[in-house]
Amino acid sequence: MSDIVVRPADASVWDDLEVVFGTRGDPSGCWCQWFKVPGSQFRELSHPERASRLHDQVEAGTPGVIGWVDGEPAGWAAVEPYSAYPNLRRSPITKRVAGDPEDPWAVTCFVVRLEFRNRGLSRALLDGAVEHARSQGAEVVEGYPVDPEVRPSLSNAERFHGTVSLFRDGGFEIVRRPSATRAIMRRTM
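Residues numbered from 1 in each chain as written. Predicted model: local features only at pLDDT ≥ 70, side-chain atom pairs only at ≥ 80, totals over all residues. Heavy atoms only, no water.

Chemist: Could you clarify how one ought to interpret the overall build of the chain in this entry?
Modeler: Along the chain, the regular secondary structure elements total 7 helices and 7 strands. Secondary structure elements in the chain, listed N-terminal to C-terminal, are β-α-α-α-α-β-β-α-β-α-β-α-β-β. Here the C-alpha radius of gyration of the chain, 15 Å, is about what a compact globule of 189 residues would show, namely 16 Å. Expressed as lengths along the three principal axes of its C-alpha atoms, the size of the chain is roughly 40 × 40 × 35 Å. Relative to its 189 residues, the chain shows a buried fraction of 48%. Excluding contacts between residues fewer than 6 apart, the proportion of contacts in the chain whose partners are at least 24 apart in sequence is 62%. Placing the 23 positive and 26 negative side-chain charges of the chain at their respective mean positions leaves the two points 7 Å apart. (Helix = DSSP H or I, 4+ residues; strand = E, 2+ residues; numbered from the N terminus. Rg over C-alpha atoms; globule rule 2.2 N^0.38 Å. Buried < 20%, exposed > 50% of the residue type's maximum accessible area, 1.4 Å probe, protein only. Contact = heavy atoms within 4.5 Å. Lys, Arg positive; Asp, Glu negative; His and termini not counted. Charge placed at Lys NZ, Arg CZ, Asp CG, Glu CD.)

Spelled out as structure tokens, the structure:
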């Protein structure tokens, strides 16, 4: 049984975040900027510039949670108010519709290092993200997961939003399905 610890990410854990995001694969290219930076600007930013932006965000607050497995930096989940993610408003999947809460907290992505997958870390990261949002006064937390039950061929890279079953197990309910493979899920505190 592995010892998993999750806590809000701040400047003191930057070196561990660099380990989690790594030097190859999608996380090392995104640095959780996809939902924060408009598409044209995102494409113009180099990988080091994206990393620098996340570093600045971590220095300014706690834009997510970090997890360790047996003391090793292993994963990350981004969670902030919806308004911190301008691209959520632009997406047909995640834009607000009538009846939606105006500014819920949003869990937008997960990064789990390959060697730490299938150990329950995503569950712990989601629980940590919800607790962090609650501690900051969140009344509602949303997620925008994919549904591998509908499309089993979803790659690990396509699952960075989390899965419907992960969020369901975390106490979230589906409020709508903007596409066959995506759901908007919500948990009220």
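Alright, that's what it looks like, and here's the rest.
Chemist: Help me understand the pattern of salt bridges in this model?
Modeler: Any two side chains of opposite charge can pair, so long as their charged atoms come close to each other. Here the structure, examined in full by the defined rule, presents 12 salt bridges. Across the salt bridge formed by R96 and D100, the nearest N and O atoms sit 4.0 Å from each other. Here D100 falls in the buried class, since its relative accessible area comes to 15%. For R186, the salt bridge is made with D100, and the minimal N-O distance between the two is 2.9 Å. Of this pair, R186 sits in strand β7 (residues 182-188) while D100 sits in the loop between α5 (86-90) and β4 (105-112), and the two are 86 residues apart along the sequence. Comparing R186 with D100, the two get one shared label, buried. What emerges from the salt-bridge pattern is a single network uniting R96, D100, E142, R176 and R186. (Salt bridge = Lys/Arg side-chain N within 4 Å of Asp/Glu carboxyl O.)

Chemist: How should I be thinking about the packing of helix α1 (residues 14-21) against helix α4 (residues 47-60) in this particular structure?
Modeler: Helix-helix packing: each pair is described by the crossing angle between the helix axes and the interaxial distance. Orientation of α1 relative to α4, taken along the N-to-C sense of each, is 140°, at an axis distance of 11 Å. The interaxial crossing formed by α1 with α4 has right-handed handedness. Taking contact as the criterion, the partners of W14, L17 and F21 in α1 are, on α4, A51, L54, H55 and V58. (Axes fitted to C-alpha atoms, helices over the stretch in contact; angles between N-to-C directions. Left-handed = near helix turned anticlockwise from the far one by under 90°.)

Chemist: Which parts of the structure should I look at to understand the sheet that holds strand β3 (residues 72-81)?
Modeler: Strands in a sheet are paired, the pairing made by backbone hydrogen bonds, and the direction either parallel or antiparallel. Judged by pairing direction, the sheet is mixed, and its 7 strands sit side by side in the order β1-β2-β3-β4-β5-β7-β6 without closing on themselves. Here the strands that pair on one side only, and so sit at the sheet edges, are β1 (4-8) and β6 (173-179). This sheet shows a mean twist of 25° between the axes of neighbouring strands, independent of strand direction. Bridging between β1 and strand β2 (residues 64-69) involves 5 bridges; their strand directions are antiparallel. Looking at the pairing, V5 lines up with W68 of β2. Sheet strands touched by α1: β2, β3 and β4. Its angle to β3, the strand with the most contacts, is close to 100°. (Pairing = 2+ DSSP bridges.)

Chemist: I would appreciate a short explanation of α1 in the present structure.
Modeler: Residues separated by three or four positions in an α-helix point in the same direction, a consequence of the helix having 3.6 residues per turn. Considered for burial, the residues of α1 that qualify are W14, L17, V20 and F21. Buried residues of α1, viewed axially, fall in a sector of 110°; they line one side. In this fold, the buried residues of α1 make contact with α2 (25-30), α4, β2, β3 and β4. Following α1 by one or two positions, G22 has its phi on the positive side, about 70°. (Arc of directions from axis to C-beta.)

Chemist: Explain the nonpolar core here, please?
Modeler: Within soluble globular proteins, side chains that are nonpolar generally end up buried alongside one another. L17, F21, L54, I66, W76 and L88 are the most contacted members of the largest nonpolar core, which has 25 residues in total. Elements with a contribution of two residues or more to this core: α1, α4, β2, β3 and β4. Per element, the largest residue contribution to this core is 4 residues, and it comes from α1. A77, A129, V141 and A183 belong to the second largest nonpolar core, which has 24 residues in total. (Core = buried A, V, L, I, M, F, W, Y, C linked by side-chain atoms within 4.5 Å.)

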